[in-house]
Protein chains: 2
Amino acid sequence: MELEQLAECYKAMADKTRLNILALLRHEELCVCELVEILQMTQPSISQHLRKLKQAKLVKERRNSQWIFYSIDGEIYPFIKENLEALPDMSEKIEQLKVSGGKVCC
Amino acid sequence: MELEQLAECYKAMADKTRLNILALLRHEELCVCELVEILQMTQPSISQHLRKLKQAKLVKERRNSQWIFYSIDGEIYPFIKENLEALPDMSEKIEQLKVSGGKVCC
DNA sequence: ATGCTATATAAACATATGGTTATATACTAA
DNA sequence: TTAGTATATAACCATATGTTTATATAGCAT
């Protein structure tokens, strides 16, 4: 692959918050407000991280009325599967979101 | 794996120069002066990049008299093989080095 | 020892990155 | 239309990163 594209990919993954987002999206697609709730960060911050991931083609978005759902993409990277598998399991966080009713908004 | 460690790995790979170094080391171990010659960058710059790669455990070093040879490590990362395979082929650069006599010094 | 080569480290600086606050946009509901 | 919610973008600022120049360290050769 092109070094340019690879560098963009790794740059996008070179941040704990974005790795957390990818780890969460491995379980299921999520909208911005859910990520804000789970990661306890401000909405603009989450949005900016998502933009970087999207630019690197690591996630894709889908609009559903007022919500925008993000999910894993990365199909341009031959190694994406192995890299995602190395991420920690986030089922607990996802569960917490559902229990706390954070899932209601979407 | 720990997010901390993964982030360090991707940070180390999030730079074109360092990806170039990894791509070159895939072919064979190289010393600093050879990398300086191939990449046409200053020695301190190369040394600092190597330090980051070493800290992330992506390369290891071996001293041989006054030269320090760097080679691929990355065994702590389950995905390392697939990621290295995505790097562009550098045989041409390695050939050039040998032809130009740059290989003589080491 | 002395000088030479290879490499590492430090200091300084410009640029990139990530967070915050404020504002704009897009959609929904009334 | 107006108000409310979800998201994106912009401006600002503090910190991180990469490059350069200068200097220190380590090993070799004489």
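Residues numbered from 1 in each chain as written. Chains lettered and ligands numbered in written order. Predicted model: local features only at pLDDT ≥ 70, side-chain atom pairs only at ≥ 80, totals over all residues. Heavy atoms only, no water.

Student: If you had to explain the overall build of chain A to someone new, which residues and values would you point to?
Tutor: When you go through chain A residue by residue, the secondary structure sums to six helices and three strands. The order of helices and strands in chain A, counted from the N terminus, is α-α-β-α-α-β-β-α-α. Taken against the 2.2 N^0.38 rule, which gives 13 Å for 106 residues, the C-alpha radius of gyration of chain A at 14 Å falls within 12% of a compact globule. With respect to the principal axes defined by its C-alpha atoms, chain A has extents near 45 × 25 × 20 Å. When the 106 residues of chain A are sorted by exposure, 43% land in the buried category. Contacts spanning at least 24 positions in sequence make up 61% of the contacts within chain A whose residues lie at least 6 apart. When the accessible surface of chain A is totalled, it reaches about 5500 Å², and 48% of it is carbon and sulfur. Seen as two clouds, the 15 positive and the 16 negative side-chain charges of chain A have centres 4 Å apart. (Helix = DSSP H or I, 4+ residues; strand = E, 2+ residues; numbered from the N terminus. Rg over C-alpha atoms; globule rule 2.2 N^0.38 Å. Buried < 20%, exposed > 50% of the residue type's maximum accessible area, 1.4 Å probe, protein only. Contact = heavy atoms within 4.5 Å. Areas by Shrake-Rupley, 256 points an atom, 1.4 Å probe, with all protein chains shown as cover. Lys, Arg positive; Asp, Glu negative; His and termini not counted. Charge placed at Lys NZ, Arg CZ, Asp CG, Glu CD.)

Student: Residue-level account of the pairing of strand β3 (residues 67-72) of chain B, with values.
Tutor: All names here are of chain B. In the sheet, strand β1 (residues 30-31) pairs with β3 via two bridges, with the strands oriented antiparallel. Of the residues in β3, the one forming a bridge with leucine 30 is tyrosine 70. Here strand β2 (residues 59-64) pairs with β3 via six bridges, running antiparallel. Bridged to arginine 62 within β3 is phenylalanine 69. Counted along the chain from β2 to the antiparallel partner β3, the turn is two residues long, and its residue serine 65 has a positive phi close to 50°. (Pairing = 2+ DSSP bridges.)

Student: Give me the lowdown on the sheet that holds β1 of chain B, citing residues and values where you can.
Tutor: Residue and element names in this part refer to chain B. Reading across from one edge, β1-β3-β2 is the order of the three strands in this open sheet, with antiparallel pairing throughout. Looking at strand neighbours, the two that pair on one side only are β1 and β2, the edges of this open sheet. Together, β1, β2 and β3 form the strand contacts of helix α2 (residues 16-25), whose direction differs from that of β3 by roughly 90°. (Axes fitted to C-alpha atoms, helices over the stretch in contact; angles between N-to-C directions.)

Student: Give a detailed account of the protein's contact with DNA strand D, specifying residues and quantitative values.
Tutor: Around DNA strand D, a shell composed of 28 residues is seen, among which Cys33, Gln43 and Tyr70 of chain A together with His49 and Lys52 of chain B lie nearest. In DNA strand D, atoms within 4 Å of the protein come 67% from sugar and phosphate. At 2.6 Å, a side-chain N or O of glutamine 43 of chain A approaches a base nitrogen of DNA strand D. A distance of 2.4 Å separates a phosphate oxygen of DNA strand D from a polar side-chain atom of tyrosine 70 of chain A. Contributions of two or more residues to the surface near DNA strand D are made by α3 (32-39), α4 (43-55) and β3 (67-72) of chain A together with α2 and α4 (43-55) of chain B. (Near = heavy atom within 4 Å. Polar contact = N/O pair within 3.5 Å; in protein donor to acceptor, adjacent residues only side chain to side chain.)

Student: So what's going on with the packing of helix α2 (residues 16-25) of chain A against helix α1 (residues 3-13) of chain B? Residues and values would help.
Tutor: Close contact between α2 of chain A and α1 of chain B brings their axes to 9 Å; oriented N to C, the two are set at 115°. By the angle between their directions, the pair α2 of chain A and α1 of chain B is classed as roughly perpendicular. Our pair here, α2 of chain A against α1 of chain B, has a crossing hand that is right-handed. The residues of α1 of chain B that touch α2 of chain A, namely those facing Lys16, Leu19 and Asn20 of chain A, are Leu3, Glu4, Leu6, Ala7 and Tyr10 of chain B. (Parallel < 35°, antiparallel > 145°, perpendicular 65-115°, else oblique. Left-handed = near helix turned anticlockwise from the far one by under 90°.)

Student: Could you give an account of unusual backbone geometry, with specific residues and numbers?
Tutor: For residues other than glycine, phi is negative in most cases, and the peptide bonds are mostly trans. At serine 65 of chain A, a residue that is not glycine, the phi angle is positive and equals roughly 50°. Residue placement: serine 65 of chain A occurs in the loop between β2 (59-64) and β3. By relative accessible area, serine 65 of chain A is classed as partly exposed at 47%. Look at lysine 57 of chain B: it is not a glycine, yet its phi comes out positive at around 60°. By secondary structure assignment, the location of lysine 57 of chain B is in the loop between α4 and β2.

Remember that the coordinates give geometry; whether it matters functionally is a separate question.
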